[in-house]
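# Secondary and tertiary structure notes
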Amino acid sequence: MANTVSRRVFGAGALATGLIGKTASSFAQGEPKRGGTLVATWGGGEPQACYVPAGGGSSPTFSSSKLFERLGRRSMEGAFEGELAEAWKPAADFKAYAIKIRKGVKFHDGKDMTVDDVIYSIDEIWKKYAAAAAMTDYVGGESPDSDTVIVKFSKPVPEFFFSSLLCGGVNYIVPKHVYAGSDPVTNAANNAPIATGPWKFKEWVRGSHFEYVKNDAYWRPGFPYMDRMIIRYVRDPAGRAAAFEAGDIHIGVFNPVAPPDIKRLTGTGKFVATPKGYEESVWSTSFECNTRNPIFAKREVRQAMFHAVDRSLIARTIYYGYARPGTSPIFSPNKEFYTADTYKTEFDPKKAAALLDTAGYPKKPDGKRFTVNLLAAGWFTENGKIGAIVKQGLEDVGIVVNLTVPDRPSSIKRIYTDYDFDLAISNQANPSEPVPATTQYYTSDGIKKGVPFRNASGFHTDEVDVLVEKIKVETDATKRKTLVVEFQKITTREASNLPLVEIESITVASIKVQNHSNDPNYLASTWYDIWLAS
Amino acid sequence: MAGVIASSSRRVAALRLLRRRLFQAVPLMLGVVVINFILIHLAPGSFLELMTAENQVSDPATVELLRKAYGLADPIWLQLLKYIWALLHFDFGFSYRQNMPVIEAITINLPATLLLMISSIALALAVGVAAGVVASVKVRTFWDTLVSVAAMFFFAAPSFWLGIMMIVLFAVKLGWLPVGGMMTIGGAGGGVASVLDILAHLLLPTLALGLFYAAIYARVLRSSMLEVSQLDFVRTARAKGLSRNKVTLSHVLRNALLPVVTILGVQMGTVLAGSVVIESVFSWPGVGSLLFDSVSSRNYPVVLGIMVLGTLVVICANIAVDLVYMWLDPRIEIR
């Protein structure tokens with residue numbers, strides 16, 4: 001059991017360069033050891049608040065998810081399981097769901113969790129902040145008895161969609177007695193949360209760490225195993241690698257160290273690295289074409305952009321093999337909806353040139369076709385490097401490229417407010433449920449000027465809009481999958497916004513750490529069963 | 001009697017200097033506020049855009065509402081006037097990202113930065129002066145060469161690289177010192193143990209930040225001392241039969257320190273800037289980390305607050321330097 005083989009396919013480049021080292025030992029070895037302190041980190045900075053009702057990005061999601069819990073969770077096998085809910089089932093018309101609430105759950109301040117907390121969370125937190133885009137058809141909730149909450153919608157809601165909602169993002173159950181009557185966004189409890197999870201907030205030393213302690217009244221008997229958890233923030237990846245080596249950090253999620261350091265750390269035999277635990281939050285680096293530009297309004301030009309770029313090269317050189325070329329807006333680890341049977345945007349410069357010729361942009365006597373402004377969003381350093389490869393690829397087919405790499409706020413403004421780009425290299429993180437996280441990049445209602453991480457390309461057709469509306473309300477799982485497959489065929493053919501590469505996020509952990517990477521969104525899970533071997 | 005008069009006159013001159021410098025600080029501060037305010041607002045993107053991105057605000061009406069609530073709907077000159085007016089009332093504004101007053105966000109981090117700055121400057125002065133004295137006294141010897149080579153190395157080595165190398169050597173390989181942070185998480189036991197714990201955490205960042213300046217001081221002091229040691233009053237002191245150490249420390253060093261003190265005043269700002277990098281490498285929970293985060297998130301109120309407080313620190317340091325200058329050389333009357 002020491003070295004289980006990862007079930008996800010690693011990039012060929014990684015295998016070729018031997019970067020993987022060891023795969024994860026994520027399952028318990030023997031009897032769990034109780035007590036001790038776990039020190040964890042992640043591949044980013046400190047959050048703006050311990051808990052942000054609207055999510056606030058990966059950092060507050062990481063810090064808050066150890067304290068709060070959701071109604072449900074997804075297993076590594078893909079099954080939906082109850083957490084704060086014991087079960088849920090749809091009404092015959094799928095316009096309502098009955099949620100059976102778990103009894104005996106207490107908040108950290110000793111108060112019981114009730115149906116009122118659940119209804120408050122859905123009405124005031126999910127609907128307004130945490131899952132606003134997904135809850136447009138939500139009508140209201142009611143509690144016929146002290147164990148049950150009925151959640152009502154104006155349209156039929158597919159079961160997979162609803163279950164994903166219960167398990168997703170920061171759709172936590174918050175204490176009504178703490179949040180009611182306040183502005184949830186500015187509530188002081190966001191920096192010292194009271195929740196139901198296995199860990200209780202103890203202290204936040206700003207600039208350094210969070211300290212959580214074991215919740216002795218946790219509803220799962222016997223959990224958590226450990227007495228204390230520290231979430232430590234080390235800004236510099238090299239500093240994180242050193243902290244791992246010095247034994248100061250036990251586990252780091254979401255690429256805590258630079259790829260070359262993964263090989264070095266795992267090579268010592270004291271650490272494991274695994275891509276497991278990101279199946280419900282797959283990241284991609286995407287290519288967005290601004291269809292407001294008449295050149296990119298032509299489908300052939302958009303397709304040509306993808307054919308001109310060697311995405312295997314990006315995966316190998318920029319991500320050291322921890323990535324693979326993307327083929328569809330539904331990412332390949334998505335077992336429910338992914339299909340490979342789509343328009344193929346493989347690397348083929350000759351095809352790119354032919355498409356550009358067909359679109360009416362042949363090479364001029366100087367060898368150039370037209371000029372594009374390529375914006376590589378600077379929130380990830382890799383994007384700028386990818387920009388250089390894209391520039392090279394496009395210039396090889398006669399397109400002059402002006403590459404800029406603005407910082408995060410500038411990138412957000414230029415892409416989503418000013419639409420000041422022809423091509424943008426951006427990033428998306430998508431769960432398995434495609435509505436709305438994935439579909440909003442292709443629909444008319446996803447075009448919202450000034451609202452980031454929506455449809456910035458401006459692409460929209462009635463065909464896609466109608467199709468997505470059908471996906472939203474189709475309650476038959478088989479028919480729904482057929483519709484999503486159709487969605488992928490259309491969007492890959494239209495090529496307004498497609499992944500260049502799907503990124504392998506990596507968790508690095510000491511071999512002492514047991515029961516890790518055992519949730520498809522591990523960064524955002526509670527870590528209730530983690531323990532440290534001697 | 002003459003000594004008392006001279007001492008009293010120096011005090012008056014010092015007070016006059018202090019008054020003049022404080023008076024000059026007002027337009028300087030105003031300039032710093034105006035220039036920084038404009039520069040920050042010229043940068044594309046705002047904290048509102050970042051906030052709406054992080055919070056997935058999808059309703060344009062809500063975005064507009066927030067824009068008004070945060071005063072971003074006002075013209076920039078009005079925002080500036082409001083900010084200056086608030087500053088006059090010691091109100092540095094509110095950090096919506098941290099959900100707390102700016103002054104609170106800064107003061108949480110300020111002690112760590114001040115500790116790092118003071119320790120780095122102290123180290124730089126101690127090592128730089130000692131090395132400069134040795135190099136000048138042992139000029140054109142092995143010791144002079146050693147100081148020159150070491151000074152060249154620490155001057156040329158980027159502080160972040162030096163920091164990482166020291167972490168690898170002293171924290172990872174040898175295990176003598178902690179990798180980062182300001183204190184052992186969970187506490188070192190309190191009292192003396194806590195002080196020692198903080199000192200252990202402080203040592204590497206202090207070395208990484210301070211050795212660069214020590215190199216400068218050593219080089220400057222060496223040449224300054226060689227120059228001063230050729231002057232007539234030094235020859236006179238030697239002729240009077242004073243010991244070599246007495247001549248070197250009381251006469252040569254005191255006069256040779258003037259350029260070092262000048263550089264020290266100028267470098268207060270750069271030490272503060274350097275701490276941004278060092279704090280990042282060593283996870284030191286100071287203002288540098290806060291500034292980095294705030295610039296990245298366009299958290300204008302915090303950035304401006306740090307700039308204003310940083311300017312205050314530099315102004316105070318320069319006033320102190322002027323006073324030290326007068327103390328070192330009573331002939332100098334700074335205007």
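Note that the structure is a prediction, hence the values are computed from the model and not measured. (Residues numbered from 1 in each chain as written. Chains lettered and ligands numbered in written order. Predicted model: local features only at pLDDT ≥ 70, side-chain atom pairs only at ≥ 80, totals over all residues.)

## Thoughts on the overall build of chain B
Rules: By the criteria applied, helices consist of DSSP H or I runs no shorter than four residues and strands consist of E runs no shorter than two, each listed in order from the N terminus. A residue is called partly exposed when the number of other C-beta atoms within 10 Å of its own lies between 12 and 20, exposed at 12 or fewer, and buried at 20 or more, with C-beta atoms placed from the backbone. By the convention adopted here, residues make contact when the C-beta atoms placed from their backbones lie within 7 Å.
Counting its regular elements, chain B contains twelve helices and two strands. Shown N-terminal to C-terminal, the secondary structure of chain B runs as helices and strands in the order α-α-α-α-β-β-α-α-α-α-α-α-α-α. Burial statistics for chain B: of 335 residues in total, 35% are counted as buried. Restricting to contacts in chain B with at least 6 residues of sequence separation, those with at least 24 account for 73%.

## Details of the overall build of chain A
Worth spelling out the cut-off: Based on C-alpha atoms, the radius of gyration is set beside the globule rule, defined as 2.2 Å times the residue count to the power 0.38.
If you tally the helices and strands in chain A, you get 14 helices and 21 strands. A compact globule built from 534 residues should have a C-alpha radius of gyration of about 24 Å, and chain A, at 23 Å, falls within 12% of that. Across its three principal axes, chain A shows a C-alpha extent of roughly 75 × 55 × 40 Å. For chain A, buried positions account for 56% of its 534 residues. Here the analysis covers contacts within chain A between residues at least 6 apart in sequence; of these, 71% occur between residues at least 24 apart.

## Notes on the environment of L483 of chain A
Residues and elements named next belong to chain A. Secondary-structure assignment places L483 in helix α14 (residues 477-494). Each C-alpha atom, one on L483 and one on E502, is 23 Å from the other, the two residues being 19 residues apart in sequence. Once residues within four sequence positions are removed from consideration, L483 is found in contact with L467, K470, I471 and E474.

## Looking at the interface of chain B and chain A
So the rule is basically this: Ten residues, namely Ala, Val, Leu, Ile, Met, Phe, Trp, Tyr, Cys and Pro, are considered nonpolar, four, namely Asp, Glu, Lys and Arg, are considered charged, and the remaining ones, Gly among them, are considered polar.
Counting residues at the interface gives 39 residues for chain B, matched by 46 residues for chain A. Those elements that place two or more of their residues in the side of chain B that touches chain A are α2 (47-54), α3 (60-69), α5 (102-137), α7 (159-173), α10 (244-282) and α11 (287-296) of chain B. Class assignment for the residues of the side of chain B that touches chain A results in 17 nonpolar, 17 polar and five charged.

## Brief notes about the packing of helix α9 (residues 311-318) of chain A against helix α11 (residues 381-396) of chain A
Residues and elements named next belong to chain A. Let me state the cut-off plainly: Convention adopted: a line fitted to C-alpha atoms gives each axis, helices being fitted over their contacting stretch, and angles between N-to-C directions are expressed from 0 to 180 degrees. Throughout this description, any angle smaller than 35 degrees is read as roughly parallel, any larger than 145 degrees as roughly antiparallel, any in the 65 to 115 degree range as roughly perpendicular, and the remainder as oblique. If you view the pair so one helix is near and one far, a crossing is left-handed when the near helix is turned anticlockwise from the far one by less than a right angle, and right-handed when it is turned clockwise.
At a minimum axis separation of 10 Å, α9 and α11 run at an interaxial angle of 140°. The orientation of α9 relative to α11 falls into the category oblique. In this structure, α9 crosses over α11, and the sense of that crossing is right-handed. Between α9, through L313, I314 and I318, and α11, the contact on the second element is made entirely by E382, K385, I386 and I389.

## Here we look at the nonpolar core
Operational definition: Residues of type Ala, Val, Leu, Ile, Met, Phe, Trp, Tyr and Cys that are buried and joined through C-beta atoms within 7 Å form what is called a nonpolar core.
Counting residues in hydrophobic clusters, the biggest one holds 215 residues, and the most contacted among them are M305 and V508 of chain A together with A214 and A218 of chain B. Considering every element that reaches this core, the biggest residue donor is helix α8 (residues 192-228) of chain B, with 14 residues. Those residues in contact with A218 of chain B that lie beyond four places of it in its chain are G128, A131, G132, A135, V147 and A151 of chain B.

## Let's talk about the packing of α10 of chain B against helix α12 (residues 300-328) of chain B
Residue and element names in this part refer to chain B. Taken N-terminus to C-terminus, the directions of α10 and α12 make an angle of 175°; their axes are 9 Å apart at the nearest point. With respect to α12, the element α10 is oriented roughly antiparallel. Only G310, V313, V314, A317, N318, V321, V324, Y325 and L328 of α12 make contact with α10, whose side of the interface consists of R254, L257, L258, V261, L264, G265, M268, G269 and L272. Counted by class, the contact of α10 with α12 contains 13 nonpolar, four polar and one charged residues.

## As for the pairing of strand β1 (residues 37-42) of chain A
All names here are of chain A. Applied cut-off: In this description, strands pair whenever DSSP reports at least two bridges between them.
Counting buried positions along β1 gives five out of six residues, so the element sits mostly inside the fold. Summarising the sheet, β1 and strand β10 (residues 228-232) pair through four bridges and their orientation is parallel. In the strand pairing of β10, T37 is matched with R228. Across three bridges, the pairing between β1 and strand β11 (residues 251-253) is parallel. Each residue of the ladder has a partner; that of W42, found in β11, is V253.

## Let's talk about the sheet that holds strand β6 (residues 138-145) of chain A
The strands making up a sheet associate through hydrogen bonds between their backbones, and the pairing can be parallel or antiparallel. All names here are of chain A. What the four strands build is an open sheet, ordered β4-β5-β7-β6; its pairing is antiparallel. A strand with exactly one partner marks an edge of an open sheet, and here the two such strands are β4 (85-90) and β6. Between one strand axis and the next, the sheet turns through 20° on average, direction left out of account. Across five bridges, the pairing between strand β5 (residues 96-101) and strand β7 (residues 148-153) is antiparallel. Bridge pairing links A98 to I150 in β7. Helix α3 (residues 115-130) contacts β5, β6 and β7 of the sheet and is inclined by roughly 175° relative to β6.

## Quick word on the pairing of strand β9 (residues 209-214) of chain A
All names here are of chain A. In this structure, strand β8 (residues 199-205) lies alongside β9, joined through six bridges in antiparallel fashion. The residue of β9 that forms the bridge with K200 is V213. Between the antiparallel neighbours β8 and β9 lie three residues, among them G207 with a positive phi of about 85°. By the bridge criterion, five bridges tie β9 to β10 in an arrangement that is antiparallel. What sits directly across from V213, in β10, is R228.

## A few points about the environment of A315 of chain A
All names here are of chain A. Mapped onto the elements, A315 comes out in helix α9. Here A315 falls in the buried class, since 26 other C-beta atoms lie within 10 Å of it. As for A315 and L500, which are separated by 185 residues in sequence, their C-alpha atoms are 9.1 Å apart.

## Digging into α11 of chain B
All names here are of chain B. For α11, the full list of buried residues reads V287, G288, S289, L290, L291 and S294. The inward-facing, buried residues of α11 abut α5, α10 and α12. Of the residues one or two after α11, R298 is the one with positive phi, at around 55°.

## With respect to the sheet that holds strand β19 (residues 507-510) of chain A
Residue and element names in this part refer to chain A. If you trace the seven strands from one edge of the open sheet to the other, you get β8-β9-β10-β1-β11-β19-β12, paired in mixed fashion. The outermost strands of the open sheet, each flanked by one partner alone, are β8 and β12 (271-274). Pairwise comparison of adjacent strand axes, ignoring direction, gives a mean angle of 20° for this sheet. Most of the contacts of helix α7 (residues 259-267) go to β12, to which it runs at about 135°, and overall it touches β12 and β19.

## So, the domain arrangement of chain A
Under the convention used in this document: In this entry, domain limits derive from an automatic or database-based domain assignment.
Each domain of chain A was delimited in the assignment, giving domain 1 (1-65 + 197-276 + 507-534), domain 2 (68-181) and domain 3 (282-503). The partner domain 2 of chain A presents 15 residues to the 16 residues of domain 1 of chain A that form the contact.

## Here we look at the confidence of the model for chain B
Low pLDDT means the predicted atomic positions in that stretch should not be read closely. Here is the rule we go by: Summary of the metric used: pLDDT quantifies the predictor's per-residue confidence within the range 0 to 100.
Overall, the prediction assigns chain B a mean pLDDT of 86, with 94% of residues at 70 or greater. Least confident of the elements in chain B is α2 of chain B, whose mean pLDDT is 73; most confident is helix α6 (residues 142-156) of chain B, at 94.

## A look at α11 of chain A
Residues and elements named next belong to chain A. Put simply, the rule reads: To estimate how far a helix should reach, multiply one less than its number of residues by 1.5 Å. The arc in question is the one traced by the directions running from the helix axis out to the C-beta atoms.
Here α11 contains 16 residues, and its C-alpha end-to-end distance of 24 Å stays within 8% of the 22 Å for a straight helix at 1.5 Å per residue. When α11 is considered as a whole, its buried residues turn out to be N383, I386, G387, V390, K391, G393 and L394. What you see down the axis of α11 is that its buried residues fit within an arc of 165°, all on one side. For α11, the secondary structure elements touched by its buried residues are β13 (282-289), α9, β15 (370-376), β16 (399-404), β17 (423-430) and β18 (497-503). In the stretch just after α11, G398 is the one whose phi turns positive, near 95°.

## Description of unusual backbone geometry
Residues and elements named next belong to chain A. Across the junction of F223 and P224, the peptide omega takes the value -5°, indicating a cis bond. Phi is positive for F94, close to 60°, though the residue is something other than glycine. Following the sequence through the fold, F94 ends up in the loop between β4 and β5. For F94, a count of 19 C-beta atoms within 10 Å corresponds to the partly exposed category.

## Some details on the confidence of the model for chain A
A residue-level look at chain A finds 95% of positions with pLDDT of 70 or above and a mean pLDDT of 91. Low confidence marks residues 1-28 of chain A, where pLDDT is under 50. Its contacts with residues over four positions away, or in another chain, come to 72 contacts.

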